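# Observations on chain architecture
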Amino acid sequence: MAETEPLYIYNTLSGKKEEFKPIAPPFVGLYTCGPTVYSDAHLGNVRTFLTFDIVYRYLTFLGYNVRYVRNITDVGHLLHDADEGEDKIEQRARMEKIEPMEIVQKYTNGFHDTVKTFNLIPPSIEPTATGHIIEQIEMIQRIIDNGFGYEVNGSVYFDVKKYSEQHDYGELSGRKIDELLEQTRDNLEGGNEKRFFADFAIWKKASNETIMKWPSPWSEGVPGWHLECSVMSTKYLGPQFDIHGGGMDLKFPHHECEIAQSVGADGINPVKYWMHGNMLTVNGTKMSKSLGNSFLPHELISGDHPLLDQGYSPMTVRFFFLQANYRSTIDFSNDALVAAEKGLKRLMNAVNLLDKLTIAEKTTIDIDSLIISCEKSMKDDFNTPITLAHLFDGVKMINSINDNKDQITKTDLKRLKDHYFNYVFEILGLKAENEESESRGLPDELMSLIINLRNQSKDNKDWATADLIRDELKRLNISIKDSKDTSTWNYEN
RNA sequence: GGUUUCGUGGCCGAGUGGCUAGGCAGUGCUCUGCAAAAGCAUCUACAGCGGUUCGAAUCCGCUCGAAACCUCCA
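Residues numbered from 1 in each chain as written. Chains lettered and ligands numbered in written order. Predicted model: local features only at pLDDT ≥ 70, side-chain atom pairs only at ≥ 80, totals over all residues. Heavy atoms only, no water.

## Some words on the sheet that holds strand S13 (residues 330–332)
Overall, mixed pairing links the 3 strands, which are arranged S12-S11-S13 in an open sheet. Where the open sheet ends on each side, the last strands, each with one partner, are strand S12 (285–286) and S13. As paired strands, strand S11 (residues 280–282) and S13 are joined by 3 bridges and run parallel to one another. Bridge pairing links leucine 280 to isoleucine 330 in S13. Across the sheet, helix H10 (residues 314–322) is in contact with S11 and S13; its angle to S13 comes to roughly 145°. (Pairing = 2+ DSSP bridges. Helix = DSSP H or I, 4+ residues; strand = E, 2+ residues; numbered from the N terminus. Contact = heavy atoms within 4.5 Å. Axes fitted to C-alpha atoms, helices over the stretch in contact; angles between N-to-C directions.)

## A look at the sheet that holds strand S10 (residues 271–277)
Taken in spatial order, the 4 strands make up an open sheet running S4-S3-S9-S10, and their pairing is parallel. Two strands bound the open sheet, and with one partner strand each, they are strand S4 (65–70) and S10. When strand polarity is set aside, the average angle formed by the axes of neighbouring strands in this sheet is 20°. By the bridge criterion, 3 bridges tie strand S3 (residues 27–32) to strand S9 (residues 241–247) in an arrangement that is parallel. Residue pairing in the sheet places threonine 32 in a bridge with glycine 245 of S9.

## A closer look at unusual backbone geometry
Of the consecutive residues proline 25 and proline 26, the connecting peptide bond is found in the cis state with omega at 5°. By the secondary structure assignment, proline 26 is in the loop between strand S2 (16–19) and S3. Within the chain, asparagine 119 stands out as a residue other than glycine whose phi angle is a positive 65°. If you trace the backbone, asparagine 119 turns up in the loop between helix H3 (100–117) and helix H4 (133–145). Phi is positive for asparagine 153, which is not a glycine, with a value near 50°.

Structural data, given as structure tokens:
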């Protein structure tokens, strides 16, 4: 692998693409905000995790030793207002009449199934908030000791006003603290324990009924939502690490608060490169549970949802996402998914052809520029749509060789195969989905029997019988496709 | 209301101060007993109005439109 071109990453902190320089190469620390496991992850959630799956895969491909940390939020994420509502998991547990930790387990399992379905590589470490209560309490103490936290009635708040006198609260999201006050739609209402409207809870005293709570120097309570990411990233990646990812909607306040907490506790700006993935939209509007326009992965695959004309395979969805830049919104539609389905098939057909090409004395295609182009586009802030475009240029080449219009030598074919293997499977994380061949056994043998009989009819030019077999199978949702000397079959969806 | 981003051909989506994005659909062709599939070729574009420039879809301004964030959200 030619390791010459630098990698550029769009850093939210600066608002531009910057050359990626790891703090301690060959090691790279990558942290992504994981799910709050109080309900099923929907497709929009999947998109963000996919974005960082690509980052992880590509950095690894480049030879970096990546430690990828993605947390599970299993406590502390409150409803409605980050500091006032009920814990999401507790509320859900009450609704389903089970233990909060059962909720956590149930939806953690579901999340793992989902990410596996879409072929996401598991993180190196997947820490939970409840597993790091002690560390969170320690961090709160450091924040208090440094004068950036204060206790009121057993709860501890981060003193944003004080912090902003010495530091830039808003450096990530571009907000100005004094403007924030006027711009906030709902300003401070009465009965609030906070000294300043922008302060946020880092420890919240729990009510008597609350099941999930822990002792602390201030009260029995729960840690604030923003805190866990600061604590766990620091613990596993150090006080300063390379890349922090998450959805665009977490930029403010969540990530802004993370910075403030780390600086407040340890005096170090925790992250060199902030990356934010954009939203999945439906008819131009953000997919979200509250709007009722979200659907779950299994609904997408089965097609069992009012917004869906049909089901789409996980790899179709993965390909669909990769056709857009992670920093752009991508709009869901059935047309777009159908297009992705066909595009993916075209790509995969060509990849499969690679094993069947005949070798020649010379090579008449330009493999070098294909390889260089793909490297260039991936190193330009993980530009997967351009990379796919290059790979489709290569598809033309492959087909052309297959049609004997171009030629390739043994060595070059090996390079081409390696290239597609690397990019399609390793970097973009696509995989073959031959669902019809999954442990078919008997049907497979029956079908080859039928196809053989039909081929005999064809050999005898008994078209009526051959067509009858094909038509009758079609009624059973099985389609027959004749190529030059063989016939293939598959289930129709 | 504030902040930010965006408005590309039938659809999805890149990119960029002058040079083909790509995928899907459409059209034509090849292959084929027929069909399907597949392959090849090919058409339509840069919201509107001004400005900067030799030249702008790309830079600047305004208008219109959309979205995200400012509340929990990936």
